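# Residue-level structural notes
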Amino acid sequence: MCGIVAYIGQKEAYPIVLKGLKRLEYRGYDSAGVALINNGLQVYKKKGKVAELEDHVSSKDMRSHIAIGHTRWATHGEPSDRNSHPHVSGNGKLAMIHNGIIENYAQLKQELLSKGHTFKSDTDTEVLIHFIEEIQQNNNCSLEEALRIALKRVVGAYVIVIVDEDHPDTLIAARKGSPLVIGVGKGEHFLASDASPIVEYTKEVVYVNDYEIAIIKADELILKNISNEIQTPYIQKLDIELAAIEKGGYDHFMLKEIFEQPQTIFDSLRGRLDAKKGILTIGGIREHAEMLSKAKRIIIVACGTSWHAGLVAEYMIEELCRIPVEVEYASEFRYRNPVVGPGDVIIAVSQSGETADTLVAIESAKQKGAIILGVCNVVGSSIARLSDAGVYTHAGPEIGVASTKAFTAQLAVLCLVGLKVAMLKGSITEQRFQHLLDELENIPEKVAATLKLNDRIKEIAAKYKDARDFLYLGRGYNFPVALEGALKLKEISYIHAEGYPAAEMKHGPIALVDENLPVVFVATRDSYYEKVVSNIQEIKARKGKVIAVITEGDQVIPGMADDIIVVPEADELVAPIISVIPMQLLAYHIGVLKGFDVDKPRNLAKSVTVE
Ligand code: G6P
């Protein structure tokens, strides 16, 4: 949700910031801008992708040793040149980039208007930089002091970075609620929303904490809290490699990430699962495992694809552990004043670990006495840090906006957690426990086999790409897979798609069925299989086109479906990790065949750091 980048040091700042913006474009891409100091403050911004900004400044003198850059996902004000960041103070000396939302901006704007300020944009960001300028002028104080005073009045979430024409040797940044990483180089510093723009220059980073202000020069980094007390920066080593954030020969990040799944699932199990010895070790929950097994109930909170992983986990954990599980949209859970307290365990599932709805949901549950278990992909992310215990998914950086490899890693990890708790609780037989460990261990290989169906799925995509709507149906463990299939298609091909429990379909969506409606059935062999076969017949009786994902050896569905995708057999509890692969590939190919930018679908952002 907006990407920010900044550089200060001996090198040319603009090329570094531009490259960083391209790496962060997955966070938002409706407009982009940069500010640098070269004969005074220069600000360039453009609606559209970063490449358009690059064209726009191609003939300009961009030399500078300090620069800030921003790629935007619009909240306040439509995507346009004038609403793009950086925003500038009234005297034209300060430029600011911002990720987050200033909730009380309307009130601040009113105050500033009455004092004669005028605004060029509709953004909350421009209000904040004017507010800081106003404080600085009234108090005749430094920018740092003015920022500190301003932030005490600001309600909302932010990362901001400011350059000041009068101090071209200093960047000032502050964080509350949105992520900020500072890369520490030799005589240079890099700032960014995540580590991806930094990793090729330095592996030493500082994660700025909430309510901290950073004063950054080429060779000096000072961190202070909002009460002006100096904080010691905690320098950490980045554990990602540059290759992990590049396309590596694939046409799109999404395809690369789909194809990485045998490895990423393996990575999420590595060191935790030893099927031969029948051992399951999850370091991140060791101290809380006993308490987890005694939980009154488990509430899973998440958004988007992670919410779908939560739904699968509900089926898994209830079956394995016999503990009641509820799965909640984080945004709804937080605001309906839920009944939650000691004895409840909240599992927060989030790829980025920064999703604002999930973050505030767990903050309030924690205050009420619940224990928080984080299942995150990004190490050191806000949700991971707020959690009492956690298990990282280890899927590596996910750049494609539509989540793929993070989902399968979440399923693998949530299954491990369910098994661990079941074992402690004694709610699973030793035989079933061992069987599921074996099944999990074999999953990467079966996913690799499923990926070999890519060409077949591309043909199916070509056949149905012009459909106006799609229906996705499944039951039991495959119901959330149907939801995820529909979400993937919507996100990247802009075709309307609905996911539904296959049985519930007859209570409404069946009215949509005719010879033009493709219906994707996730119909692998499981305890619901016979019932799903009946549902397929109901669709065929109304001339719907059936695309069925089935298990190898199935003799029945091939005679009924228009198209089949045959995947390896697996226990129903882990089968979603396999059956979701064709969903991802089908959506990918339809999106590409329709000519869309599947890595950056319109209106979406990878990491939604606003509520
Ligand atoms: C955004 C992304 C989705 C993602 C959701 C939750 O909407 O576009 O792909 O599933 O956020 O993100 P999280 O990082 O919390 O898993």
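Note that the coordinates shown come from a computational prediction; the quantities given were computed from them, not determined experimentally.

Ordered in space as β24-β23-β25-β26-β27, the five strands form an open sheet in which the pairing is parallel. The sheet terminates laterally at β24 (496-501) and β27 (563-567), the two strands that pair on one side only. Strand-to-strand twist in this sheet, taken as the mean axis angle between neighbours without regard to direction, amounts to 15°. As defined by bridge partners, strand β25 (residues 518-522) adjoins strand β26 (residues 545-551) across five bridges and the pair is classed as parallel.

Turning our attention to the domain arrangement of the protein. When its domains are assigned, the protein resolves into domain 1 (3-244), domain 2 (250-450) and domain 3 (454-593). Here the C-alpha centroids of domain 1 and domain 3 sit 45 Å apart.

Quick look at the pattern of salt bridges now. Taken as a whole and judged by the stated rule, the model has 42 salt bridges. The salt bridge involving glutamate 200 is made with arginine 23; its shortest N-O contact spans 2.8 Å. Of the two residues, glutamate 200 is situated in the loop between β10 (189-192) and β11 (204-207) and arginine 23 in helix α1 (residues 13-23); the sequence distance between them amounts to 177 residues. A relative accessible area of 26% means that glutamate 200 is categorised as partly exposed. Between aspartate 122 and arginine 82 there is a salt bridge, and its shortest N-O distance comes to 2.8 Å. Placement of aspartate 122 in the loop between α3 (105-114) and α4 (124-139) and of arginine 82 in the loop between β4 (66-72) and β5 (87-88) is noted, with a sequence separation of 40 residues between them. Residue classification places aspartate 122 among the partly exposed residues on the basis of a relative accessible area of 32%. Under the relative-accessibility criterion, arginine 82 is labelled partly exposed at 39%. Salt bridges here are not isolated pairs; linked through shared partners, they connect Lys19, Arg23, Glu200 and Glu246.

Those residues of helix α5 (residues 143-153) that fall on the buried side of the exposure criterion are Leu143, Glu144, Ala146, Leu147, Arg148, Ala150 and Leu151. Buried residues along α5 sit against β6 (94-102), α4, β7 (156-164), β8 (171-176), β12 (212-217) and β13 (220-225).

Okay, the environment of glycine 48 next. Summarising the element assignment, glycine 48 is placed in the loop between β3 (41-47) and α2 (50-56). When its relative accessible area of 16% is taken as the criterion, glycine 48 is described as buried. The sequence separation of glycine 48 and lysine 276 amounts to 228 residues, and the corresponding C-alpha distance is 53 Å. Here glycine 48 is in contact with Tyr29, Asp30, Ser31 and Ala32, once residues within four sequence places are set aside.

In this section: the packing of aromatic side chains. Tallying each qualifying case throughout the model produces seven aromatic pairs. Centroid distance tyrosine 7 to phenylalanine 190: 5.2 Å. Interplanar angle 55°. Geometry classified as tilted. Taken together, the residues span a long stretch of sequence, with tyrosine 7 in strand β1 (residues 3-8) and phenylalanine 190 in strand β10 at a distance of 183 residues. When the ring of tryptophan 307 is compared with that of tyrosine 329, the centres are 3.9 Å apart and the planes differ by 10°; the resulting orientation is stacked. Residue tryptophan 307 is located in helix α9 (residues 304-321), and its partner tyrosine 329 is located in strand β19 (residues 325-329); the two are separated by 22 residues in the primary sequence. Residue classification places tryptophan 307 among the buried positions, given a relative accessible area of 11%. Feature note: the residues Tyr7, Phe190 and Tyr201 constitute an aromatic cluster, connected by ring pairs. Looking at arginine 334, its charged tip hangs above the ring of tyrosine 335, at a distance of 4.7 Å from the centre.

Now for the layout of surface pockets. The computed volume of the largest pocket comes to approximately 930 Å³. Lining of the largest pocket is provided by 43 residues; of these, Ile240, Asn377, Val378, Gly396 and Pro397 occupy positions nearest its centre. Considering every element that reaches the lining of the largest pocket, the biggest residue donor is helix α7 (residues 261-269), with three residues. Looking at the lining of the largest pocket residue by residue, the class counts come to 15 nonpolar, 14 polar and 14 charged. The residue makeup of the lining of the largest pocket includes at least three contributed by each of domain 1 (3-244) and domain 2 (250-450).

A few words on the packing of helix α13 (residues 405-425) against helix α14 (residues 430-451). Between α13 and α14, whose axes approach to 11 Å, the crossing angle comes to 165°. Here α14 runs roughly antiparallel to α13, going by the angle between their axes. Viewed along their axes, α13 and α14 form a crossing whose handedness is left-handed. Each of Cys415, Leu416, Leu419 and Met423 in α13 lies in contact with α14, whose residues at this interface are Phe433, Leu436, Leu437 and Leu440. For the contact of α13 with α14, a count of residues per class yields eight nonpolar, no polar and no charged.

Turning our attention to the state of the cysteines. Enumeration according to the criterion identifies zero disulfides in this entry. Not part of a disulfide, cysteine 303 finds its nearest cysteine sulfur in cysteine 376, a span of 12 Å. Given a relative accessible area of 23%, cysteine 303 falls into the partly exposed group. Residue classification places cysteine 376 among the buried residues on the basis of a relative accessible area of 2%.

A few words now on the side chain of glutamate 212. Along the polypeptide, glutamate 212 turns up in strand β12. A polar side-chain atom of glutamate 212 sits 2.9 Å from the main-chain amide nitrogen of asparagine 209. Setting aside residues up to four positions removed in sequence, glutamate 212 forms contacts with Ala173, Ala174, Arg175, Leu223, Lys224, Asn225 and Gln231.

The next thing to look at is the packing of α4 against α5. Working note: a packed helix pair is described by the angle between its axes plus the distance between those axes. Where α4 contacts α5, the two axes come as close as 8 Å, and the packing angle between them is 120°. When the interaxial angle is binned, α4 and α5 end up oblique. When the axes of α4 and α5 are compared, the crossing they make is right-handed. On α5, the residues touching Phe131, Ile132, Ile135, Gln136 and Asn139 of α4 are Leu143, Ala146, Leu147, Ile149, Ala150 and Arg153. Split into classes, the residues belonging to the contact of α4 with α5 amount to eight nonpolar, two polar and one charged.

Membership of the largest hydrophobic core comes to 93 residues, with the highest contact counts inside it found for Ile298, Ile347, Leu419, Leu440, Phe470, Tyr472 and Ile577. Looking at this core, you find at least three residues from each of domain 2 (250-450) and domain 3 (454-593). With 33 residues, the next largest nonpolar core counts Leu53, Ala67, Ile198 and Val401 among its residues.

Attention now moves to the sheet that holds strand β9 (residues 181-184). Across the sheet, eight strands lie side by side as β3-β2-β4-β1-β10-β9-β11-β15; this open sheet has antiparallel pairing. With partners counted over all chains shown, the strands left at the sheet margins are β3 and β15 (235-237), one partner each. When the angles between neighbouring strand axes are averaged without regard to direction, this sheet yields 20°. Pairing of β9 with β10, which is carried by four bridges, proceeds in the antiparallel orientation. Bridge pairing links glycine 183 to phenylalanine 190 in β10. The strands touched by α1 within the sheet are β1, β2 (31-37), β4 and β10, with β4 carrying the most contacts at an inclination of about 20°.

So, how was this worked out
Residues numbered from 1 in each chain as written. Predicted model: local features only at pLDDT ≥ 70, side-chain atom pairs only at ≥ 80, totals over all residues. Heavy atoms only, no water. Pairing = 2+ DSSP bridges. Helix = DSSP H or I, 4+ residues; strand = E, 2+ residues; numbered from the N terminus. Axes fitted to C-alpha atoms, helices over the stretch in contact; angles between N-to-C directions. Domains from an automatic or database assignment. Salt bridge = Lys/Arg side-chain N within 4 Å of Asp/Glu carboxyl O. Buried < 20%, exposed > 50% of the residue type's maximum accessible area, 1.4 Å probe, protein only. Contact = heavy atoms within 4.5 Å. Phe/Tyr/Trp six-rings, centres within 6.5 Å; stacked < 30°, edge-to-face > 60°. Lys NZ or Arg CZ within 6 Å of the ring centre and 35° of its normal. 1 Å grid on protein atoms, 1.4 Å probe; cavity = no way out; pocket = protein on both sides within 12 Å on 5 of 7 lines; lining within 4 Å. Points joined across faces, edges and corners; volume = space filled by probe spheres on them. Nonpolar A, V, L, I, M, F, W, Y, C, P; charged D, E, K, R; others polar. Parallel < 35°, antiparallel > 145°, perpendicular 65-115°, else oblique. Left-handed = near helix turned anticlockwise from the far one by under 90°. Disulfide = S-S within 2.5 Å. Polar contact = N/O pair within 3.5 Å; in protein donor to acceptor, adjacent residues only side chain to side chain. Core = buried A, V, L, I, M, F, W, Y, C linked by side-chain atoms within 4.5 Å.

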